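# Architecture and fold: a report
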Amino acid sequence: MTDGFATRAIHAGQQPDSATGSVIPPIHATSTYAQDGVGNQRAGYEYSRTGNPTRTALEECLAALESGEYGLAFSSGMAATDALLRSLVRPGDHLIIPDDAYGGTFRLIDKVLTEWGVEYTPAPVSDPDAIRAAVRPNTRVLWVETPTNPLLNIADLAGLAQLAAETSTRLVVDNTFASSYLQQPLTLGADVVVHSTTKYMGGHSDVVGGAVVTSDERIATDVAFLQNTAGAVPGPFDAWLTLRGVKTLAARMEQHSANAARIAEALREHPKVSRVLYPGLPDHPGHEIAAAQMRRFGGIVSFLHADGEEAAVDVCARTRLFTLAESLGGVESLIEHPGRMTHASVAGSQLQVPSELVRVSVGIEDVDDLLEDLLTALG
């Protein structure tokens, strides 16, 4: 019998400590390990950049939650993204990215990888024909987010997996917005999943991290080589904090999603809001696909202010419970103006976001309090 998601979140990679019986994996705060002879390592550990038991516990858990074979933890989501891309593309290769990708991903590709001779084309993740048209003979990677950040567009993962197979490309899914609880891209045919575990996986805004999960041994081997060689690994305390957060992921995502659905419905009726972007709304263009491939619709809601950019900025400054801050996915609610904050790096590009856009990360507070706060700020 296969364990359910919440059971895996609490137990995968987290057996009681064999030495003491501790039910919580210890924080192995060590840089190196005694050997019982030259090359004779205890339990396979020699140096904590290469491997650490606390990190191993996290990596095993993350793999289990994505129904994958191999999990690799990194010091940030961008470190995971960088290692994965450098393992999949070479100078002269081409990749396709969302035309509303996360600003940090765009910056890495546009400012760093292009200097290495890598080409890219933005395409709407919700339009498989546009993605197919963007494929070139040298295309190696289809990189998608679903839901996308910050416009919450939805990609048909099973359909894109078929396209990737037909075109001999790799389908990589940034699953940060959905989390492993709401969506498992590997089961829909994706080759690799990447996370900023800073967000929902950690869930408490107290640790930065990233992860790559795959069932492809070659990809896992190549990424593990870069993980060790470049060394962008989480420390044991960071790994422990993320592992602690993962234990409550299922319960948190249910509450995030329930609260966000209520807020999206309320915003849709507000005269100062011209449009609400949330895949849980029946009129969202990706609603049916999201309903088919996600458990719930997530905790992120974006909306367009009817009075334009300055009014959107003003709303962000007026909330009391929604803290004005970058990031997302913590238990507390956050609000931001993507055009001036998380997505400032895409200004002037094809990926520029609407200036009147506001993004909220809906926390797990009492939803009536959150509604009062946000609606009061809107006026």
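The structure this text deals with has already been given above.
Values in this document were obtained by computation on a predicted structure and should not be read as measured data. (Residues numbered from 1 in each chain as written. Predicted model: local features only at pLDDT ≥ 70, side-chain atom pairs only at ≥ 80, totals over all residues. Heavy atoms only, no water.)

## Examining the sheet that holds strand 9 (residues 300-305)
Put simply, the rule reads: Pairing between two strands is assigned when DSSP locates at least 2 bridges connecting them. Strands here are runs of E lasting at least two residues and helices are runs of H or I lasting at least four, both read from the DSSP assignment and numbered beginning at the N terminus.
The strand order across the open sheet formed by five strands is 8-9-12-11-10, and the pairing between neighbours is mixed. Edge positions in the open sheet fall to strand 8 (273-277) and strand 10 (323-324), since each of these has one partner strand only. With four bridges connecting them, strand 8 and strand 9 associate as antiparallel partners. Looking at strand 9, one finds that valine 273 is bridged to histidine 305.

## So, empty space enclosed by the protein
In plain terms, the rule: Think of a 1 Å grid over just the protein atoms. A cavity is a set of points where a 1.4 Å probe fits yet cannot get out, a pocket is an open set with protein on both sides within 12 Å along at least five of seven lines, and lining residues have an atom within 4 Å of a point. Grid points are joined across faces, edges and corners, and a volume is the space filled by probe spheres set on the points.
Taken as a whole and assessed by the stated rule, the structure comprises three cavities of 30 Å³ or more. Of the volumes computed, that of the largest cavity is approximately 50 Å³. Together, 13 residues line the largest cavity, and Leu58, Phe74, Thr197, Pro234 and Thr242 are the ones closest to its centre. For the lining of the largest cavity, the elements supplying multiple residues, two or more each, are helix 2 (53-65), strand 1 (70-74) and helix 9 (236-246). Broken down by element, the residue count for the lining of the largest cavity peaks at three residues, all from helix 9.

## Here's the deal with the pattern of salt bridges
To be explicit about the condition: Any carboxyl oxygen of Asp or Glu within 4 Å of a side-chain nitrogen of Lys or Arg constitutes a salt bridge here. Each residue is placed in one exposure class: buried if its accessible area under a 1.4 Å probe, protein chains only, is under 20% of its type's maximum, exposed if it is over 50%, and partly exposed if it falls in between.
The tally for this structure, following the rule as stated, stands at 20 salt bridges. Across the pair arginine 55 and glutamate 59 runs a salt bridge whose closest N-O atoms are separated by 3.5 Å. Taken together, the residues span about one helical turn, with arginine 55 and glutamate 59 both in helix 2 at a distance of four residues. Here arginine 55 and glutamate 59 have matching classes, each one buried. Here the salt bridges do not stand alone but share partners, grouping Arg170, Asp191 and Asp216 into one network.

## Comments concerning helix 3 (residues 77-88)
Cut-off, in case you're wondering: Helix span, as expected, comes to 1.5 Å for every residue beyond the first.
Given a rise of 1.5 Å per residue, 12 residues ought to cover 16 Å, and the 17 Å separating the end C-alpha atoms of helix 3 matches this to within 8%. Most of helix 3 is tucked away, with nine of its 12 residues classed as buried. Looking at helix 3, one finds that the buried residues are Gly77, Ala79, Ala80, Thr81, Ala83, Leu84, Leu85, Ser87 and Leu88.

## Quick word on the environment of serine 215
Definition in use: Only heavy atoms enter the contact rule, under which two residues are in contact if any of them lie within 4.5 Å. Two N or O atoms form a polar contact when they lie within 3.5 Å of each other; inside protein one atom must be a possible hydrogen donor and the other a possible acceptor, and for residues adjacent in sequence the pair counts only when both atoms belong to side chains.
Among the structural elements, serine 215 can be located in the loop between strand 7 (210-214) and helix 8 (217-230). Note: C-alpha distance between serine 215 and proline 91 (124 residues apart in sequence) is 25 Å. In this view, serine 215 contacts Ser67, Gly68, Glu69, Tyr70, Leu186 and Asp191; residues no more than four positions away in its chain are not counted. A polar atom in the side chain of serine 215 sits 3.2 Å from the backbone nitrogen of glutamate 69.

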